[in-house]
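Coordinates in review
For reference, the chains in residue letters:
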Amino acid sequence: MVATDRIDKIDNIDKNNKLIADWEALLRTFVRPENEKAKATLIKYMEQILFELQDFLKAHVGITEEISLPELCSHFTNTKIPKNPEKKLTTAINDIVKKLAPYAVNIASPYFIGHMTSAIPFFMVHLKTIVTALNQNVNKLETSKVTSIVEKQVLAKIHRLIYNNTDSFYNIHVQNPYTTLGAFVEGGTSANFTALWVARNLCFAPKNGFKGVETEGLAAAYAAYDVKRSVILVSRRGHFSLKKAAGFLGIGNQNIIAIDVDNKQQIDLTKLQQKIKKYTKDNHTKILAVVGIAGTTETGTVDPLKNIAKICKENNIYFHVDAAWGGPTLMSEKYKYLLDGIELADSVTIDGHKQFYMPIGCGMVYFKDPNYMEAVAYHSNYVNRPGSVDLGIKSIAGSREANSLVLDTALKIMGSKGYALLIDHGIETAALFADEIKKRPCFELITPPKLNILTYRICPDHYKNQLLQADSTEKWRITKKLNAINLTIQRIQREAGFSFVSRTTLIPDIESQIELIVLRSVIMNPMTDLQILKEILDEQEKIYHDRFSE
Ligand SMILES: *Cc1c(COP(=O)(O)O)cnc(C)c1O
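These notes cover the structure that comes with them. It should be emphasised that the depicted structure is a prediction, and the values quoted were computed from it without experimental measurement. (Residues numbered from 1 in each chain as written. Predicted model: local features only at pLDDT ≥ 70, side-chain atom pairs only at ≥ 80, totals over all residues. Heavy atoms only, no water.)

Turning to the overall build of the protein, a few remarks are in order. A tally of helices and strands in the protein yields 16 helices and 11 strands. Within the span of the protein, comprising 550 residues, buried residues form 51% of the whole. Side-chain charges of the protein comprise 67 positive and 60 negative groups, with the mean position of each set lying 4 Å from the other. (Helix = DSSP H or I, 4+ residues; strand = E, 2+ residues; numbered from the N terminus. Buried < 20%, exposed > 50% of the residue type's maximum accessible area, 1.4 Å probe, protein only. Lys, Arg positive; Asp, Glu negative; His and termini not counted. Charge placed at Lys NZ, Arg CZ, Asp CG, Glu CD.)

Printed below as a string of structure tokens:
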């Protein structure tokens, strides 16, 4: 039996004051504490997580603490699992808060503008804690019940945001166990994966005795359809998750065909059409899908979705939109027009842990046709019967947490208007940042922002003038020099730890084909304002003058 008076003591100690693994102590960790003292202890731990962790991270900015990676690694080399408990719960939590967290990255800092991972509203920690505390498994209705039902409802809400179908459409499908509007997955990668999985299976569907690619595999599918190869077309700015998916699905990642972009970083429609024509003529190549991007990872560019949709329709090709980043822009009355045409997509990827400001581990995929996901359904007679609400029937994942609860609650707390304020702030602050960059002689704006991502580089006026007069060999030489400068400044700034801007490589000018190293900034933290952005530029200018100015 569990001694309730000792319930606050989760750890057990032997006569020699050593921690021991002990049945009674273990049992206590499974029991809800009844007495006040035990509760107070547990609340104290939660307070530590909620407030001390935040406080600690706030004290540092950017990539925290000056410790080299090799040195840090040297502290984490013990590979033996301790036989007896090593730490008390209090110590373990304390160690994470005080000793580990300082070496984590303060992604919540408004000076941290290099990545798509940013600050989240504090209540997300509460919502995620609820999900953990309930620990429902939406794989099966028997382990989730209402949370699976909530998931279907949230899926319908976001589906409506994208496709804006009629009331009667949503009445039919919102809780329909036979149809599926989309799925929660772990991120954009698995969302893209799921979409292409569906596309592949629709493309190589069962026919004339062939049982379908999912059952018989690709070799049999190619034989049945008399093709030798299948391809997926996407702009050069496509996310590398598409390649992973093609590898995984057996299509081969070299069959993700990169279509050139124009000077605006959008997919070149003429080249897309040429490629489609080429593959259509070649009877042995099947086009599985065309992917449009709504917010490319590197530049935030939105492809001309309406035009791509039209081309796909004319050629009867599956159209997927990767809106992992840009999707939530649909909540902004002011800027949703930027995603015009997304409603024509057969499927859409949206990340929850990006611009829905959810904790890491949430992606979503949506399908125009509520029957599409039948192409990836796994029914079995004893568990997942057709028509059951077991969400595991149509997903890569088996067991899965009730993440929809976090999104559903966040939507209730913030409203689409609340999200729109965040989206608008990002887009408008990025525009102000672009103006500031253009104003400064030390910088050059490379890709102006459409959404809230832009790229620029350090390129002082005398270099700009040299570039204007240079022939192509000379251009290469100067660019190489500038590339080295930008690379170094980005690194020095990152290591100084006050702020963080990322870098990438782009070919912004199609004619010259010169590769530039550029600085990339993503404005999603509502605390990031023009003043902070100016400071970040000031710092870069200072590094330039200290290190490079002649
Ligand atoms: C982030 C991103 C992905 C991948 O999403 P993960 O959540 O990191 O797996 C895919 N596509 C685009 C456009 C993205 O921005």
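Resuming the write-up.
Put simply, the largest pocket is a space of about 1,100 Å³. If you go around the largest pocket, you meet 37 residues; those closest to its centre are Gln54, Ala108, Ala119, Ile120 and Val125. Those elements that place two or more of their residues in the lining of the largest pocket are helix 2 (36-58) and helix 5 (123-134). If you tally residues by element for the lining of the largest pocket, the top one is helix 2, at 8 residues. (1 Å grid on protein atoms, 1.4 Å probe; cavity = no way out; pocket = protein on both sides within 12 Å on 5 of 7 lines; lining within 4 Å. Points joined across faces, edges and corners; volume = space filled by probe spheres on them.)

Between side chains of opposite charge, pairing is possible as soon as their charged atoms come close. Inspection of every chain in the model, using the stated rule, returns 29 salt bridges. In this structure, Glu495 engages Arg491 in a salt bridge whose closest nitrogen and oxygen atoms are separated by 3.4 Å. Here the residue Glu495 and the residue Arg491 both occupy positions in helix 15 (residues 472-496), the gap between them amounting to 4 residues, near one helical turn. Take Arg491: its relative accessible area is 32%, and that puts it in the partly exposed class. Because the salt bridges share partners, they merge into one network encompassing Glu436, Lys439, Arg440, Asp538 and Glu541. (Salt bridge = Lys/Arg side-chain N within 4 Å of Asp/Glu carboxyl O.)

A separate point is the packing of helix 14 (residues 461-469) against helix 15. Each pair of packed helices can be described by the angle between their axes along with the distance between the axes. For the pair helix 14 and helix 15, interaxial distance at closest approach is 9 Å and the crossing angle is 155 degrees. Considered as vectors, helix 14 and helix 15 are oriented roughly antiparallel to each other. The handedness of the crossing between helix 14 and helix 15 comes out as left-handed. Taken together, the residues of helix 15 that come into contact with helix 14 (itself represented by Tyr463, Gln466 and Leu467) are Lys475, Ile478, Thr479, Lys481, Leu482 and Ile485. (Axes fitted to C-alpha atoms, helices over the stretch in contact; angles between N-to-C directions. Parallel < 35°, antiparallel > 145°, perpendicular 65-115°, else oblique. Left-handed = near helix turned anticlockwise from the far one by under 90°. Contact = heavy atoms within 4.5 Å.)

A word on the site of the ligand. Close to the ligand lie 15 residues; Thr189, Asp322, Asp351, His353 and Lys354 are nearest. Contact distances for the ligand include 2.8 Å between an oxygen atom and a side-chain N or O atom of Asp351. A distance of 2.7 Å is found between an oxygen atom of the ligand and a side-chain nitrogen or oxygen belonging to His353. Taking 380 Å² as the accessible area of the ligand by itself, protein coverage stands at 86%. With 3 residues, the top contributor of residues to the shell around the ligand is helix 8 (residues 188-203). Its residues placed into classes, the shell around the ligand shows 3 nonpolar, 9 polar and 3 charged. (Near = heavy atom within 4 Å. Polar contact = N/O pair within 3.5 Å; in protein donor to acceptor, adjacent residues only side chain to side chain. Areas by Shrake-Rupley, 256 points an atom, 1.4 Å probe, with all protein chains shown as cover. Nonpolar A, V, L, I, M, F, W, Y, C, P; charged D, E, K, R; others polar.)

A cluster of nonpolar residues, Phe76, Ile96 and Leu100, forms a patch on the protein surface that exposes about 310 Å² of accessible area. By the element assignment, Leu100 lies in helix 4 (residues 89-100). On the basis of relative accessible area, Leu100 is assigned to the partly exposed category, the value being 43%. (Patch = residues over 30% accessible without salt bridge, like charges linked within 9 Å, V, L, I, M, F, W, Y side chains within 5 Å.)

Phi is positive for Asn164, close to 50 degrees, though the residue is something other than glycine. Position of Asn164 relative to the elements: it lies in the loop between helix 6 (146-163) and helix 7 (167-173). The class of Asn164 is exposed, set by a relative accessible area of 60%. Located in the positive-phi region is Asn208, a residue other than glycine, with phi close to 35 degrees. Examined against the element boundaries, Asn208 turns out to sit in the loop between helix 8 and helix 9 (213-225). Judged by its relative accessible area of 76%, Asn208 falls in the exposed class.

Regular strands place side chains that alternate from one sheet face to the opposite one. The element strand 7 (residues 363-367) is extensively covered by neighbouring structure, given that 5 of its 5 residues are classed as buried. Residues Gly363, Val365 and Phe367 line one face of strand 7 and the alternating positions Met364 and Tyr366 line the opposite face, and both faces are buried. Inspection of the sheet shows strand 6 (residues 347-351) paired to strand 7 by 5 bridges, in the antiparallel sense. Each bridged residue has a counterpart across the sheet, and for Ile350 the counterpart in strand 7 is Met364. (Pairing = 2+ DSSP bridges.)

Our next topic: the sheet that holds strand 9 (residues 453-458). In spatial order, the strands read 8-9-11-10; together these 4 strands make up an open sheet with antiparallel pairing. Two strands in the sheet have a free side with no partner beyond their single neighbour: strand 8 (443-447) and strand 10 (502-506). On average, each strand axis in the sheet is inclined to that of its neighbour by 40 degrees, with strand direction left out of account. By the bridge criterion, 4 bridges tie strand 9 to strand 11 (residues 516-522) in an arrangement that is antiparallel.

For the rest of this paragraph, the subject is helix 6. Compared with the 26 Å implied by 1.5 Å per residue over 18 residues, the 25 Å span of helix 6 between its first and last C-alpha is a close match. Of the residues making up helix 6, those classed as buried are Thr147, Ser148, Val150, Glu151, Lys152, Val154, Leu155, Ala156, Ile158, His159, Ile162 and Tyr163. In this structure, the buried residues of helix 6 make contact with helix 7, strand 1 (182-185), strand 6, strand 7 and helix 13 (404-439). One or two steps after helix 6, the chain reaches Asn164, where phi turns positive at roughly 50 degrees. (Expected span 1.5 Å × (residues − 1).)

A few words on the side chain of Ser499. Locating Ser499 in the fold gives a position in the loop between helix 15 and strand 10. One polar contact links Ser499 to Glu539, side chain to side chain, over a distance of 2.8 Å.

Now for helix 5. With 12 residues, helix 5 should cover 16 Å at 1.5 Å per step; its first-to-last C-alpha distance of 17 Å lies within 8% of that length. Every buried residue of helix 5 is listed here: Phe123, Met124, Leu127, Lys128 and Val131. Taken down its axis, helix 5 places every buried residue within 140 degrees of arc, on the same side. Facing away from the buried side of helix 5 by more than 90 degrees, the exposed set consists of Thr132 and Ala133. Tucked inside the fold, the buried residues of helix 5 contact helix 13. (Arc of directions from axis to C-beta.)

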